[in-house]
Amino acid sequence: GGGTVTARAAARLDGLVPRTGTLAVELAHVTLIGEMKPRIDGTMKAELHRDGEIWRVGAVVSNGRVAIPDDRTGTVLHEVGMPADMILVANGKALPDEPGAGGPTLALGVRPERPYLIIDVTLRPIVIAVRELRSPVRGKLTVTVGVEALALDGNLEAAQGDVALLDRRYRIERAGARFDGSLDPLLDVRLTHEFPQLTFEVSVRGRASKPVIELASQPASYTPGQLFSFLLGNSPGAEPGRETRDAATGVASSL
């Protein structure tokens, strides 16, 4: 897509082998080709040095902003992977197509026994400006890479802003994702919405792959079924017996 990327790098050599280096990257209105075409701005400064057999990188990302247009007129991408009509040949013979036949695969979310690259990334508040979410996101992440595996540790958090769920906006009281080596983070999210009669609370915990949703209200005078209907789009004070129907209508409209 459009935009400009500027990068400046420098390295200090020990003979022909680099030992230390710096990297500065600036993104200005960079639009990625995809279904949503996000536009990205920001800067990154990194320092690299070699510690024995391990490369260590300390990077800071700042002045970041990610925006997605509301019209979402993007470009549909092709499926990833090798085309079905392509055959890989080695020494005059077709390679078998069973998984792993082309060489070792990288195990994601597993701590490598012998890492060769460790990247520490500090994310200073990055503004997320999309229709569903408006919030600054910050955090610190460590990526550990080995020949056979890659692990991710650290935390991301959004301490303020709002998010849209089923055509209703919620205030973000807290929203965190903790990576413990796995690429499937542990969530700690609390959202609230103010109705005239009550404060509606939505909490999300557990792994991102299997989130656990908890609903509550202040005052706590509503049944679990009523709270669930509020999440699906109903409002307190509806006529008795209409909550399920209204909630179903709201869900269908949102979908």
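Here the residue numbers are simple positions, counted from 1 along each chain's written sequence. The predicted origin of the model limits local features to residues at a pLDDT of at least 70 and limits the giving and counting of side-chain atom pairs to 80 or more, whereas totals for whole chains, interfaces and linings rest on all residues. Only hydrogens and water are set aside; all other atoms, that is, all heavy atoms of the structure, feed into the side-chain values.

K.L.:
Please clarify how the overall build of the protein should be interpreted in this entry.
P.N.:
The number of helices and strands found in the protein is two helices and 15 strands. Counting the 255 residues in the protein, one finds 28% classified as buried. The contact definition used throughout considers only heavy atoms, calling two residues in contact when any of these lie within 4.5 Å. Taking all contacts inside the protein whose residues are at least 6 apart in sequence as the whole, residues at least 24 apart take part in 45%. In this description, accessible areas are obtained by the Shrake-Rupley approach with a 1.4 Å probe, and a residue is regarded as covered only by the protein chains that are shown. Carbon and sulfur atoms make up 57% of the accessible area of the protein, which totals about 16,400 Å². For the purposes of this entry, the term helix denotes a DSSP run of H or I that reaches at least four residues, the term strand denotes a run of E that reaches at least two, and both are numbered from the N terminus. The buried label applies to any residue whose accessible area, calculated with a 1.4 Å probe on protein chains only, is under 20% of its type's maximum; exposed applies above 50%, and partly exposed to all values in between.

K.L.:
What exactly am I supposed to notice about the nonpolar core here?
P.N.:
A general trend in soluble globular proteins is that nonpolar side chains are found buried together. Take the buried Ala, Val, Leu, Ile, Met, Phe, Trp, Tyr and Cys residues and link them wherever side-chain atoms come within 4.5 Å; each set so joined is a nonpolar core. Core analysis: the biggest nonpolar cluster contains 15 residues, and Y170, L191, F200 and V202 have the highest contact counts within it. Elements supplying a minimum of two residues to this core: strand 12 (168-181), strand 13 (186-194), strand 14 (199-207) and helix 1 (224-231). Here Y170 is in contact with G161, D162, V163, L165, L191, T192, H193, F200, V202, F230 and L231, once residues within four sequence places are set aside. Counting 10 residues, the second-largest nonpolar core is a separate cluster that includes V61, L123, I126 and I128.

K.L.:
For this particular structure, what's the right way to read the pairing of strand 11 (residues 162-165)?
P.N.:
The side chains of a regular strand alternate, first on one face of the sheet and then on the other. Two elements, strand 9 (residues 133-146) and strand 11, share two bridges in a ladder whose sense is antiparallel. Looking across to strand 11, one finds that R134 is bridged to D162. As paired elements, strand 11 and strand 12 share four bridges and run antiparallel to each other. Bridge pairing in strand 12 links L165 to R168. Strands qualify as paired when DSSP identifies two bridges or more between them.

K.L.:
Honestly, unusual backbone geometry in this entry has me stumped. Any pointers?
P.N.:
Note: most peptide bonds trans; most residues except glycine with negative phi. The linkage connecting Q218 with the following residue, P219, adopts the cis geometry, with an omega of 5°. Mapped onto the elements, P219 comes out in the loop between strand 15 (212-218) and helix 1. A positive phi is found at N63, a non-glycine position, where the angle reads about 55°. The phi torsion at N91 lies on the positive side, around 55°, for a residue other than glycine. With respect to the helices and strands, the residue N91 is situated in the loop between strand 5 (89-90) and strand 6 (93-94).

K.L.:
Please clarify how the packing of aromatic side chains should be interpreted in this entry.
P.N.:
Given two aromatic rings, one states the distance between the centres and the angle between the planes to describe the pair. Two aromatic rings, drawn from Phe, Tyr or Trp (for Trp, its six-membered ring), form a pair once their centres lie within 6.5 Å of each other, and the interplanar angle then sorts them: stacked below 30 degrees, edge-to-face above 60, tilted otherwise. What the rule picks out here adds up to five aromatic pairs. An angle of 90° between the planes, with centres 6.0 Å apart, marks the rings of F200 and F230 as edge-to-face. In this pair, F200 sits in strand 14 while F230 sits in helix 1, placing the two residues 30 residues apart along the sequence. Of the two residues examined, F200 and F230, each falls in the buried class.

K.L.:
Quick question: what am I supposed to make of helix 1 here?
P.N.:
Residues separated by three or four positions in an α-helix point in the same direction, a consequence of the helix having 3.6 residues per turn. Looking at helix 1, one finds that the buried residues are L227, S229, F230 and L231. Just downstream of helix 1 lies G233, where phi reads positive at about 125°.

K.L.:
Where do I start with the layout of surface pockets in this structure?
P.N.:
One water molecule sets the probe size; rolling that probe over the atoms shows where empty space is left. Think of a 1 Å grid over the protein atoms and nothing else: a 1.4 Å probe that fits but is trapped marks a cavity, an open set flanked by protein within 12 Å on at least five of seven lines marks a pocket, and residues with an atom within 4 Å of a point count as lining. Grid points are joined across faces, edges and corners, and a volume is the space filled by probe spheres set on the points. Put simply, the largest pocket is a space of about 610 Å³. Going through the elements one at a time, strand 8 (115-129), strand 9, strand 10 (149-158), strand 11, strand 12, strand 13 and strand 14 are the ones with two or more residues in the lining of the largest pocket. With four residues, the single largest contributor to the lining of the largest pocket is strand 12. Broken down by class, the residue content of the lining of the largest pocket amounts to 17 nonpolar, one polar and one charged. Amino acids are sorted into nonpolar (Ala, Val, Leu, Ile, Met, Phe, Trp, Tyr, Cys and Pro), charged (Asp, Glu, Lys and Arg) and polar (every other residue, Gly among them).

K.L.:
Honestly, the side chain of S62 in this entry has me stumped. Any pointers?
P.N.:
Tracing the backbone through its elements, the reader meets S62 in strand 4 (residues 54-67). Non-local contacts of S62, meaning those with residues more than four positions away in its chain, are made with G42, T43 and R124.

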